[in-house]
Amino acid sequence: MMRELSIRVGGPADPQLIERSRQAIQDLGLFRAVEVSTTPSGDGVRVRFTVHEKWRILPVPRVDGNSGGEYGYGGQLRWNNVWGLNHTLNIQAMSRTYREPGRSGERSIQAGYSVPFIGDSRFGLSGSAGVTSQDSLDDQGRPYHESIDTAQILGSYALSREHPSKGWNVSAGLSWVRDAPSGQYAPGPISIGTGPIVSVAYDDLKYLIYSEEGQRFRGTLQWVLDGVASTYSASSLSLSYRRDWLVGETPHQNIEWLAAASEYMGGAPGRQHNFFTLGGLRSLRGYSSGFLEGDAGYYLGAAYLRPVGRDWARLLVILEAGSAYPDPGHLQGRPMLASIGLGVRIRINWLINTEIEIGAALPLVDSHGIRPFLGSVNQNR
């Protein structure tokens with residue numbers, strides 16, 4: 001908290017700096033409310049910040065499904081603000097059944113730990129690892145099994161001196177993946193991909209308890225280098241942008257705009273990479289999860305939100321569009337998908353980074369009728 005303050009002991013008690021400090025603490029997203037008060041103290045002023053904490057540890061059962069017969073179940077343990085230092089531990093285990101070309105089932109365990117700042121420095125460190133066991137199908141629908149292991153480590157540096165959690169941030173590190181297919185119809189031998197990751201991010205999104213205002217950007221470039229602890233070459237680029245505007249006189253009424261684009265080139269021979277996926281709660285709610293996949297694609301989404309009775313429950317009106325392509329060299333032959341939706345977004349303010357959406361969406365292209373949606377929304381998107 002002290003790292004985010006614009007004021008310092010012995011400095012001027014400027015009301016604007018005090019409010020910027022209060023907002024910076026609130027922007028951490030760890031508190032239900034942040035209040036500030038000032039009282040005379042000798043020749044100066046005593047400034048007191050009062051915070052109301054959210055729950056830090058949350059075990060969550062995970063269940064999802066759709067009308068196409070796909071379903072998943074599992075659990076997640078999320079521990080935010082570990083040791084009171086804004087560290088994050090996230091562990092998730094899931095089992096899923098699919099009804100789509102290329103795979104029929106999947107079981108996975110993922111774990112990650114993030115340290116946004118090491119001590120009093122502006123350097124951070126994060127790491128993650130995962131194990132996935134997948135039942136896949138080749139181009140002729142014949143079954144084989146895949147074991148996919150992943151690991152990643154990233155170091156980061158905040159460029160902002162006043163509020164390190166905001167502004168520009170750069171990170172770099174290494175990623176590793178091992179794909180081991182087995183069975184009579186396995187598409188190839190074990191493949192290993194190791195390579196560097198470089199990411200640039202900008203965050204100026206203000207957390208207003210029940211809404212946000214501002215913008216957020218992230219760009220990530222990754223390589224896999226053949227012969228350098230790898231059996232193939234590949235590269236990927238991912239871009240995402242979010243912009244939130246407050247509109248009108250009603251508190252927490254806003255418009256949210258999201259855009260994303262990705263491409264993946266190269267990769268292990270004979271594998272289906274499907275680097276970019278559309279469909280489901282995170283993109284194109286009018287279509288089932290993984291409705292359209294490929295190694296290149298884009299997504300555009302706009303949402304209008306307005307409180308209905310309570311600030312924590314907001315009417316949600318959605319317009320989304322996007323497409324995915326087999327690879328960056330073939331950006332044609334597939335239509336732009338689009339859907340509209342209506343629902344409610346509920347923010348559970350006593351939990352960190354927890355929102356739930358419930359509603360229904362209508363596909364405007366390749367329509368299969370109205371599709372209900374229900375699930376959690378990542379506020380850090």
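In the block above lies the structure referred to throughout.
Residues numbered from 1 in each chain as written. Predicted model: local features only at pLDDT ≥ 70, side-chain atom pairs only at ≥ 80, totals over all residues. Heavy atoms only, no water.

1. Regarding the pairing of strand S13 (residues 234-246)
Two elements, strand S12 (residues 212-224) and S13, share eleven bridges in a ladder whose sense is antiparallel. The residue bridging Thr220 from the neighbouring strand is Ser238, located in S13. Strand direction decides the pairing type here: S13 and strand S14 (residues 254-266), joined by 13 bridges, are antiparallel. Along S14, the bridge assignment pairs Ser240 with Ala260. (Pairing = 2+ DSSP bridges. Helix = DSSP H or I, 4+ residues; strand = E, 2+ residues; numbered from the N terminus.)

2. Overview of the packing of aromatic side chains
Scanning all chains against the criterion turns up seven aromatic pairs. Both rings, one in Trp55 and one in Trp350, keep their centres 4.8 Å apart while their planes meet at 65°; by these two values the pair is edge-to-face. In this pair, Trp55 sits in the loop between strand S2 (44-53) and strand S3 (57-65) while Trp350 sits in the loop between strand S19 (337-347) and strand S20 (355-363), placing the two residues 295 residues apart along the sequence. (Phe/Tyr/Trp six-rings, centres within 6.5 Å; stacked < 30°, edge-to-face > 60°.)

3. Section: the pattern of salt bridges
Going through the model one piece at a time under the given rule, you end up with 18 salt bridges. The partner of Asp203 in a salt bridge is Lys166, with the nearest N and O atoms 3.4 Å apart. In this pair, Asp203 sits in strand S10 (residues 191-203) while Lys166 sits in the loop between strand S8 (143-158) and strand S9 (167-182), placing the two residues 37 residues apart along the sequence. Across the pair, exposure class does not vary: Asp203 and Lys166 are buried alike. Its salt-bridge partner being Arg345, residue Glu256 comes within 3.2 Å of it at the nearest N-O pair. (Salt bridge = Lys/Arg side-chain N within 4 Å of Asp/Glu carboxyl O. Buried < 20%, exposed > 50% of the residue type's maximum accessible area, 1.4 Å probe, protein only.)

4. Quick look at unusual backbone geometry
Most peptide bonds adopt trans geometry, and most residues besides glycine take a negative phi value. Not every positive phi belongs to a glycine, and Ala229 is a case in point at roughly 55°. The phi dihedral of His252 falls on the positive side, at around 65°, and the residue is not glycine. Among the secondary structure elements, His252 is positioned in the loop between S13 and S14. Residue classification places His252 among the buried positions, given a relative accessible area of 16%.

5. A look at the side chain of Ser283
Mapping Ser283 onto the fold places it in the loop between strand S15 (276-278) and strand S16 (292-294). Since its relative accessible area comes to 8%, Ser283 is described here as buried.

6. So, the nonpolar core
With nine residues, the main nonpolar core is built from Leu258, Phe276, Leu278, Leu284, Tyr287, Leu292, Tyr299, Ala324 and Leu337. When sequence neighbours within four positions are dropped, the list of residues in contact with Tyr287 reads Gly279, Gly280, Leu337, Ala338, Ser339, Pro363, Leu364, Val365, Asp366 and Arg371. Membership of the second largest hydrophobic core comes to seven residues, among which are Leu281, Ala303, Leu316 and Phe373. (Core = buried A, V, L, I, M, F, W, Y, C linked by side-chain atoms within 4.5 Å. Contact = heavy atoms within 4.5 Å.)

7. Concerning the side chain of Arg345
Topologically, Arg345 is positioned in strand S19. The class of Arg345 is buried, set by a relative accessible area of 2%. Here the side chain of Arg345 touches Glu357 through a polar contact of 2.7 Å, side chain to side chain. Setting aside its immediate chain neighbours within four residues, Arg345 contacts Glu256, Arg285, Leu305, Trp312, Ala313, Arg314, Leu316, Glu355, Ile356, Glu357 and Arg381. (Polar contact = N/O pair within 3.5 Å; in protein donor to acceptor, adjacent residues only side chain to side chain.)

8. Focus on helix H1 (residues 15-26)
Here H1 contains twelve residues, and its C-alpha end-to-end distance of 17 Å stays within 8% of the 16 Å for a straight helix at 1.5 Å per residue. Buried within H1 are the following residues: Ile18, Ser21, Arg22, Gln23, Ala24, Ile25 and Gln26. Those residues of H1 that are buried lie in contact with strand S1 (31-41), S2 and strand S11 (206-207). (Expected span 1.5 Å × (residues − 1).)

9. A few points about the environment of Tyr202
By the secondary structure assignment, Tyr202 is in strand S10. With relative accessibility at 22%, the residue Tyr202 sits in the partly exposed group. Along the primary structure Tyr202 and Ser126 are separated by 76 residues, whereas in three dimensions their C-alpha atoms are 18 Å apart. When near neighbours in sequence (up to four residues on either side) are disregarded, Tyr202 contacts Gly167, Trp168, Gln215, Arg216 and Phe217.

10. Some words on a nonpolar patch on the surface
Judged by side-chain polarity, Val198, Leu221, Trp223, Leu225, Val228, Leu237 and Leu239 come together as a nonpolar surface patch covering roughly 520 Å² of accessible area. If you list the elements that add at least two residues to the nonpolar patch, you get S12 and S13. Relative to the elements of secondary structure, Leu225 occurs in the loop between S12 and S13. According to the relative accessible area criterion, Leu225 is partly exposed, its value standing at 38%. (Patch = residues over 30% accessible without salt bridge, like charges linked within 9 Å, V, L, I, M, F, W, Y side chains within 5 Å. Areas by Shrake-Rupley, 256 points an atom, 1.4 Å probe, with all protein chains shown as cover.)

11. A few points about the environment of Ala186
Relative to the helices and strands, Ala186 is located in the loop between S9 and S10. Considered as a pair, Ala186 and Gly286 are 100 residues apart in the sequence and their alpha carbons are 34 Å apart. Once residues lying within four places of it in the same chain are set aside, the contact partners of Ala186 are Tyr144 and Pro181.

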